[in-house]
Every structure is written in structure tokens, then in C-alpha cells.
Amino acid sequence: MKVLVPVKRVIDYNVKVRVKADGSGVDLANVKMSMNPFDEIAVEEAIRLREAGKADEVVAVSIGVKQAQETLRTALAMGADRAILVVAADDVHTDIEPLAVAKILKAIVEEEAPGIVLCGKQAIDNDMNATGQMLSALLGWSQAAFASDLDIDGDHAVVTREVDGGLQTIKVTLPTIVTVDLRLNEPRYASLPNIMKAKKKPMDEKTPADYGVDVTPRLEIISTAEPEARAAGVIVGSVDELVEKLKEVGAV
Amino acid sequence: MQFGLNEEQEMIVSTVRSFVENEIYPHEDLVDRTGEVPEEVAEEIKRKTIELGFYACNFPEEVGGAGLSHLEFALVERELGRGSMALNHFFGRPQNILMACEGEQKERYLFPAVRGERTDALAMTEPGAGSDVRGMKCSAVRDCGDWVVNGTKHFISGADHADFIIVFVATGEDQTPRGPKKRITTFLVDRGTPGFTIRDGYKSVSHRGYKNMVLEFDDCRLPDAQVLGEVDGGFAVMNEWLYATRITVATMCVGRARRAFDYALDYAAQRHQFGQPIGKFQGIGFQIADMITEIDAADLLTLAAAERLDRGLPANREIASAKLYASEMLARVTDAAIQVHGGMGLMDDYPLERFWRDARVERIWDGTSEIQRHIISRDLLRPLGA
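None of the values given here were measured: they were computed from a predicted structure. (Residues numbered from 1 in each chain as written. Chains lettered and ligands numbered in written order. Predicted model: local features only at pLDDT ≥ 70, side-chain atom pairs only at ≥ 80, totals over all residues. Heavy atoms only, no water.)

K.L.:
Looking at this structure, how should I read the overall build of chain B?
P.N.:
Scanning chain B from terminus to terminus reveals 12 helices and 10 strands. Against the globule reference of 21 Å for 386 residues, chain B gives a C-alpha radius of gyration of 22 Å, in line with a compact fold. Over its C-alpha atoms, taken along the principal directions, chain B stretches across nearly 80 × 55 × 40 Å. Taken across its 386 residues, chain B has 53% of its residues classed as buried. Across chain B, every contact between residues at least 6 apart in sequence was considered, and the portion connecting residues at least 24 apart equals 73%. With the model as given, the accessible surface of chain B reaches about 17,500 Å², and the carbon-plus-sulfur share is 52%. (Helix = DSSP H or I, 4+ residues; strand = E, 2+ residues; numbered from the N terminus. Rg over C-alpha atoms; globule rule 2.2 N^0.38 Å. Buried < 20%, exposed > 50% of the residue type's maximum accessible area, 1.4 Å probe, protein only. Contact = heavy atoms within 4.5 Å. Areas by Shrake-Rupley, 256 points an atom, 1.4 Å probe, with all protein chains shown as cover.)

K.L.:
Whenever I open this one, the UniProt feature "domain: Acyl-CoA dehydrogenase/oxidase N-terminal" (unreviewed entry) in chain B confuses me. Can you help?
P.N.:
Sites flagged by UniProt as "domain: Acyl-CoA dehydrogenase/oxidase N-terminal" (unreviewed entry) map to residues 6-117 of chain B. Taken as a whole, residues 6-117 of chain B contains 57% helix and 0% strand, while its terminal C-alpha atoms sit 32 Å from one another. (UniProt positions renumbered as here; feature names shortened; annotations may be inferred.)

K.L.:
Just checking my understanding: could you explain the sheet that holds strand E7 (residues 142-153) of chain A for this structure?
P.N.:
Where strands meet in a sheet, backbone hydrogen bonds hold them as pairs that are either parallel or antiparallel. Residue and element names in this part refer to chain A. Taken in spatial order, the 9 strands make up an open sheet running E9-E8-E7-E10-E6-E1-E4-E5-E11, and their pairing is mixed. Only two strands of the sheet have a single partner each, and these edge strands are strand E9 (166-173) and strand E11 (203-206). Averaged over neighbouring strand pairs, the angle between their axes works out to 30° when direction is ignored. In this sheet, strand E10 (residues 176-180) lies alongside strand E6 (residues 116-120) in parallel orientation, the contact comprising 5 bridges. Bridging across to E10, Leu118 finds its partner in Val178. (Pairing = 2+ DSSP bridges. Axes fitted to C-alpha atoms, helices over the stretch in contact; angles between N-to-C directions.)

K.L.:
Looking at this model, I keep getting lost on the UniProt feature "domain: Electron transfer flavoprotein alpha/beta-subunit N-terminal" (unreviewed entry) in chain A. Mind explaining?
P.N.:
The UniProt entry lists residues 23-215 of chain A under the feature "domain: Electron transfer flavoprotein alpha/beta-subunit N-terminal" (unreviewed entry), expressed in the numbering used here. The span residues 23-215 of chain A shows a helical share of 30% and a strand share of 32%, and its end C-alpha atoms are spaced 23 Å apart.

K.L.:
Explain the domain arrangement of chain B to me, please; I cannot follow it from the model alone.
P.N.:
For interface size, the figure often reported is the accessible area lost on association. Residue and element names in this part refer to chain B. Along its sequence, chain B is organised into domain 1 (7-95), domain 2 (120-232) and domain 3 (242-384). The C-alpha centroid of domain 3 is placed 20 Å from the C-alpha centroid of domain 1. Contact residues are listed per partner, giving 19 residues for domain 1 and 21 residues for domain 3. Carbon and sulfur atoms supply 53% of the area that domain 1 and domain 3 bury against each other, a total of about 1,800 Å² over both sides. The interface formed by domain 1 and domain 3 holds 6 salt bridges in total. At the junction of domain 1 and domain 3, the tally comes to 13 residue pairs in polar contact (both at pLDDT 80 or more). Sorting the residues of the side of domain 1 that touches domain 3 by element identifies helix H2 (28-34), helix H4 (70-80) and helix H5 (85-88) as the ones contributing at least two each. The class makeup of the residues in the side of domain 1 that touches domain 3 is 6 nonpolar, 6 polar and 7 charged. (Domains from an automatic or database assignment. Buried area = accessible area lost by both parts, 1.4 Å probe. Salt bridge = Lys/Arg side-chain N within 4 Å of Asp/Glu carboxyl O. Polar contact = N/O pair within 3.5 Å; in protein donor to acceptor, adjacent residues only side chain to side chain. Nonpolar A, V, L, I, M, F, W, Y, C, P; charged D, E, K, R; others polar.)

K.L.:
For this particular structure, what's the right way to read the interface of chain A and chain B?
P.N.:
Counting residues at the interface gives 15 residues for chain A and 18 residues for chain B. Here chain A packs against chain B, burying approximately 1,300 Å² in sum over the two surfaces, 67% of which is carbon and sulfur. It is Tyr189, Leu192 and Ile195 of chain A that lose the most area in chain A upon contact with chain B, and together they represent 52% of the buried surface on that side. Run the count over chain A and chain B and you get 2 salt bridges.

K.L.:
What am I meant to see in the packing of helix H10 (residues 316-341) of chain B against helix H12 (residues 369-381) of chain B here?
P.N.:
Between two packed helices, both the angle of their axes relative to each other and the distance between the axes serve to describe the pair. All names here are of chain B. Viewed as axis vectors pointing N to C, H10 and H12 meet at an angle of 145°, and their least axial separation amounts to 9 Å. The way H10 lies across H12 gives a crossing that is left-handed. Side by side, H10 and H12 meet where Asn316, Arg317, Ala320, Ser321, Lys323, Leu324, Ser327 and Glu328 of the first sit next to Ser369, Gln372, Arg373, Ile375, Ile376, Asp379 and Leu380 of the second. Across the contact of H10 with H12, the residue classes break down as 5 nonpolar, 5 polar and 5 charged. (Left-handed = near helix turned anticlockwise from the far one by under 90°.)

K.L.:
How should I be thinking about the pairing of strand E4 (residues 57-65) of chain A in this particular structure?
P.N.:
Residues in a regular strand project their side chains so that they alternate between the two faces of the sheet. Residues and elements named next belong to chain A. Burial analysis of E4 places 8 of its 9 residues in the buried class, which makes it a mostly covered element. Pairing analysis gives 5 bridges linking strand E1 (residues 2-6) to E4, with the strands arranged parallel. Following the sheet pairing, Val5 is matched in E4 by Ala60. Running through helix H2 (residues 68-78), the crossover from E4 to the neighbouring parallel element strand E5 (residues 82-89) is right-handed. (Right-handed = clockwise from strand over helix to strand, strands pointing away.)

K.L.:
Explain unusual backbone geometry to me, please; I cannot follow it from the model alone.
P.N.:
Leaving glycine out, the prevailing phi sign among residues is negative, and the prevailing peptide bond configuration is trans. Put simply, Leu174 of chain A and Pro175 of chain A share a cis peptide bond, and its omega is -5°. Following the sequence through the fold, Pro175 of chain A ends up in the loop between E9 and E10. A positive phi angle is found at Asn30 of chain A, which is not glycine, with a value near 55°. For Asn30 of chain A, a relative accessible area of 84% puts it in the exposed group. In the Ramachandran plot, Phe155 of chain B falls in the positive-phi region, its phi being about 60° despite a non-glycine side chain. The topology assignment puts Phe155 of chain B in strand E3 (residues 146-157). Of the residues examined, Phe155 of chain B reaches a relative accessible area of 47% and is grouped as partly exposed.

As C-alpha cells, this is what we get:
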């Protein structure tokens, strides 16, 4: 079985984001970029499936700017077997919308015929949480979103999902789309031998046109604003004083 | 001329950086407070380093290492330098001098060291022989075909965990027009060899937990098989291999300075006094500017020296410059980082006071700043007959 793992190049989770002066988005010039952390978990899970003998090939794919090849190299250094880069934008500030990404992925899935597509549940830049679900709809495949546990059982996948109020375990028929949550696993470090091998692993370069997909944005960003600064706290001396203060601000 | 890193180098940096942040940082306070690295922590760091293929990554592939270039290895050590020396010691990097092993010495020392089965340490300094290496008293004499060693070594880092020590010992004296000159031979000495003891050294203000040990040789008998390189060839062995320890110091200083800088930058942006972030006051903002400028300069100086080695160019002077500048830069940067923090910088709630203490030894070990200046000036003046 082949596993397809879409990975997105996003602003590094450690970077303190700044909104561009014109409010059109977040400033990404000269900012450290990394693999979306949820996608890293997906790559890790795919490699574990291969190591457990339940998958035989892990293919990473990234859709975005040319620099996304660095993200793919990271996936290869973690242990993915090969990569597909779809160069869909020139400007790092151009975000390809989930529907366009899902359409490109659908075309890739039809070419590659994976048994499972493992996606991060969302990208930490725009938090859309949509691509996996849209891909499932476009393909007419089953889906299991927010996975915190995954097991392959013959032609089924047993997935534990993190839902409001607890965990839900479902069984889906393969091929399927699984979007992964934070607690599924702890991604490995890229080992030195794998870092050195990564360069020699194949990376195909494509464009949306190769898949007949139009990536023109359908959404318009009206404005982007930084969250309001949190007001400074106060240190209280006793429980009584705490209750008093909470009453003052109408919190109790 | 190219200044950027390639993709592999970027990934090496990011892997080692994550490793240090996740596997080293969490144990640092405990190690600094107790002066000890818990056995299980040491084992875990070592095991994970081996699993990741980074153990002995400074060794060529033909002996089982990862074959990193000097530049790549400097990047690894730069990132390690962010973390505690006591802990990152177990991210094993055996002395590259072990490449001088011949014949069966490779099976007994080189290969097990590269595999992480046997740990080494290097011993040169003596109570009476610091910068003046040739002033060493520790000596070996011939007896019934063996060598009998007597004397004391001190400040021997890593000897507490070492299975064997690479020891420099005087094996004779030549009369030269400039006075008598010791001949030096390098020996491989196993822990447990009769007449050889390793004991705790001094308590140091820098790098607590990275112990300096005292070695004592009392009629310690060693066969010829323990000689590393040629008899009386110790200086050749030193000159061929010991440059590496000075690049290590330089590049680790850069890593640690960047970590101290990250704290200072963050504090300058967050801390408000007189109604604004303190970084907006030139007194603080300009210190930040000077810090990063010096750090970048030291980084480039060090990587350029390492890259010269990769190109097979002479680099002795450049390495000395890097070691000198980076270690003195670290002193200034850690001092300034504390100044930016004011009183809080001295409290052990922040690691800055530790960085500041740790920085002090960098201008001393592996050749003091004065010795580095001597090397640099001699390199420049000697060809001119001065």
C-alpha cells in the first residue's frame, strides 16, 4: 500500500507573527518557515506504517511556492521515499486555497493510487481545516478527521478521533483520507544518514496546469489584524480578594 | 564565494537544534545545581545520538563515521554549543586524533570509540605545564622493552566517563641552541591500567557537571602497542589533529552567544520601563545591535576557518583568530545580556548567569587568548624574519 502525505510550508510555529502594514496578511518576508506541525505528524505516521510493514511507499507532496522543496526535503529526511512538488505560486504571500489544493491532490491521488492519504488536520497559518475533508468529497472516499490513533486492519482503517467531549473510534474502508491531530505521535528527528540520503531521493516538479486545475483565489481577504493585546493581570493576596475582583469585572 | 548553507546543512542544523532544545535543555538546571549528570540521562542522550547517526559524525565514513566536512561538523557543534557542555558531552564526538591509530589499535580504540562502545578523553595539561606544553613533567622511560610512566595531569575534561585516555608524555629531551627541548610521545592508556588512577579535580565556576579530572601515573607500565603515532612524535600528532578542539571552542561560543542573545532580544522587546519597551532606549537597543554584529562576525570567522580545512588550505592562523574572537565575543555578549536584564539577569531564574560563568573558561582552555594571539602574530611575522 502506498501512503500519500500532503505537507505545507508555513511560518514556523516559534515565530512571532506580524501583520503587514497594509493589513493584507501576515508578513512572511525573511521569516523562518517550516513544515506545518500537523503534517509532520502525518509524515511520521506514514513512516511508522511503512516500518510496521503496513505500507510500502511514502510519497510526500507539497503545493505552493518553489521553496516548498525545502519542506519536502525535510519529509524525505524524516524517511519519505519520494516527493512531488507542485509549484503553484511565485510569491510567498500567495496562499493556495483548500479547494484548489484538494483538486490538485485529487488528480495526484488518481495518478498515484494510494491506499491512504494522511493529512495534517489543518495548517497553522490559516487554520482552514478543510483540505482533507474536501479531498474526501471530491474523491468520494471515506474520511476520518482528527485522528489520535490509527491502525490498518486488512481493507479497513480503525481510527480514534478526538471529538468534543472525548474519543470516538470509527472503522473506515480503504482507500481513505485521514487527517491527523496533535496526539497521534511524536515526530522523529531527521537522522543524519537520512538527511544525507534526502538529496538523492526523487522529487518531481509539477504545476497546477499539469493537473488541469485553476488556482485563482475565490476568497478575498478584507483585512488582517493582530489579536488585541491582553491586559495586564493583577496579583491578589487572598481568595476573598480574588472573588471580590471577579465580581468587580462581572466574571462571577 | 558562497555564504549560505545548502539544504542538507540546513537540515543538520535544524535537527541538532531540536535535539539540544528537547534532550539537553530540560536537564540543564539540575546538572548545574548538582554538578552531576544523572547516569540515565547520559545514557539516553548517547543512545539517541547513536540512533540518529550523529555519534562520531566527525569521523570519515571508512571508519564508521558520518563523514561530515569540517564546515558541517562546525555547524553541529555550534548548535550543541547552545546547550550544556556537561550534557552535550554525551552527544559523542571522539577526538579525531584517534585517526592516528595503526593496525590493531584501530580495533581496540578507533572503531569502538566511533561506535560509542568506548569513550575517550585527552590529557595534556599538568599543574606545572599549562600554556608551556613542553614544560611537562609527566614522563615515560624505557624499562625491559616497556614504557614506565610517572607524573600528574590535571584539568582533564571527560576523563570521569572515559574508558581510555590519550595522554601526552615526555619521552626524552633534545639539546637545541635555544636550550633543552622535551620530546613528547602520545600514549593510549586504558582505565584500570595498574599504576594509573583518575580522580576528581577542582570545583569550577564554569560548566558545572563537565568535570575536570586529575590523572596520576605511578610507575604505570605500558607496552609499545599503546604508543599512538611515532615514539617522540607527539608534537607531530598534536599539530596534525589538535586544531579541531579550537574550532570546537569557537563554534560552541557562537552557539551559546546566540542563545544568550535570544534572551536579551526578547527581554528588550517585552520589558517596559518609563512607558516603553526598554529596547527603544538606545542604551539597550545599541547593545542589542553590537551583540548580533559580533556574533555574526564570530560565526562567519569560524565557519570560514573550517571551510579552509575542507579546501585543504592552511588554517592555523584563521582557527586561532576564530577561537580568540569567538571566546572574547562570548564574554562580552553574555555580560551585555545580563546588563539588558538588569538585576534579573543575575538570578538563577534565568540561565544567563550560567552562560556568563561558563563563558569565562572559553578564553582559557584549548589555548588561552594570549596563546592564540601568539600563534596569530607569529604566523604573520615569522615569514618576515621577525
